[in-house]
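# Secondary and tertiary structure notes
Chain residues, written in single-letter form:
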Amino acid sequence: FFFSSRRRHTRYGTVTGVQTCALPISTIEYTLSSTQEVTVEILNALGEKISTLADGESQVAGKHAYHFSNAAPGIYFVKLTAGDVSTMQKLVNIQ
């Protein structure tokens, strides 16, 4: 999954993310192709979890979004787990 205007399609759905450079907010968007238990975590550059946006929530098929804000400028990673599949993408927070 990507944090730009690009999208990656998998058999589990589509995930995208957009960072608003004018505001200290990043929007993490994803689309599920079926109902899944979803966990969305933000990790720092050392791999330490700094925030959990969703924690094993059952989510129906369709588009979902979370907002991540108030983080210091730097490199973060967003880890999305849907069912038994996990993916991670780098997020650069510039302010």
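Residues numbered from 1 in each chain as written. Predicted model: local features only at pLDDT ≥ 70, side-chain atom pairs only at ≥ 80, totals over all residues. Heavy atoms only, no water.

This next bit is on the pattern of salt bridges. In total, this model carries one salt bridge according to the counting rule given. The salt bridge involving glutamate 41 is made with lysine 49; its shortest N-O contact spans 3.5 Å. (Salt bridge = Lys/Arg side-chain N within 4 Å of Asp/Glu carboxyl O.)

A few words on the side chain of glutamate 41. Checked against the element boundaries, glutamate 41 lands in strand β4 (residues 36–44). Classification of glutamate 41 as buried rests on a relative accessible area of 16%. Beyond its immediate stretch of four places on either side in the chain, glutamate 41 contacts Lys49, Ser51, Thr52, Phe77, Val78 and Lys79. (Helix = DSSP H or I, 4+ residues; strand = E, 2+ residues; numbered from the N terminus. Buried < 20%, exposed > 50% of the residue type's maximum accessible area, 1.4 Å probe, protein only. Contact = heavy atoms within 4.5 Å.)

A few words now on a nonpolar patch on the surface. Nonpolar side chains collect at one region of the surface, where Ile75, Val92 and Ile94 lie side by side and expose about 240 Å² of accessible area between them. Classification of isoleucine 75 by relative accessible area gives partly exposed; the value is 41%. (Patch = residues over 30% accessible without salt bridge, like charges linked within 9 Å, V, L, I, M, F, W, Y side chains within 5 Å. Areas by Shrake-Rupley, 256 points an atom, 1.4 Å probe, with all protein chains shown as cover.)

Taken as a whole, the chain shows an average pLDDT of 76; of its residues, 74% reach a score of 70 or greater. Scored below 50 in pLDDT, residues 1–12 makes 37 contacts in the model with residues more than four places away or belonging to other chains. (pLDDT = per-residue confidence, 0-100.)

Next up on the list: the pairing of strand β5 (residues 49–59). Two elements, β4 and β5, share eight bridges in a ladder whose sense is antiparallel. If you follow glutamate 37 over to β5, its bridge partner there is serine 58. Turn length for the β4-β5 hairpin, with the two strands adjacent in sequence and antiparallel, is four residues, and the turn residue glycine 47 shows positive phi of about 85°. (Pairing = 2+ DSSP bridges.)

Time to look at the environment of leucine 80. The topology assignment puts leucine 80 in strand β7 (residues 74–82). The exposure class of leucine 80 is buried, given its relative accessible area of 6%. Measuring from C-alpha to C-alpha, the distance between leucine 80 and isoleucine 28 comes to 9.8 Å, with 52 residues separating the pair along the chain.

In sheet architecture, strand pairing relies on hydrogen bonds along the backbone and comes in two forms, parallel and antiparallel. An order of β5-β4-β7-β8 is seen for the four strands of this open sheet, with the pairing classed as antiparallel. Every other strand in the sheet has two partners, leaving β5 and β8 (85–93) as the edge strands with one partner each. Across the sheet, the axes of successive neighbouring strands diverge by a mean angle of 15°, strand direction being ignored. (Axes fitted to C-alpha atoms, helices over the stretch in contact; angles between N-to-C directions.)

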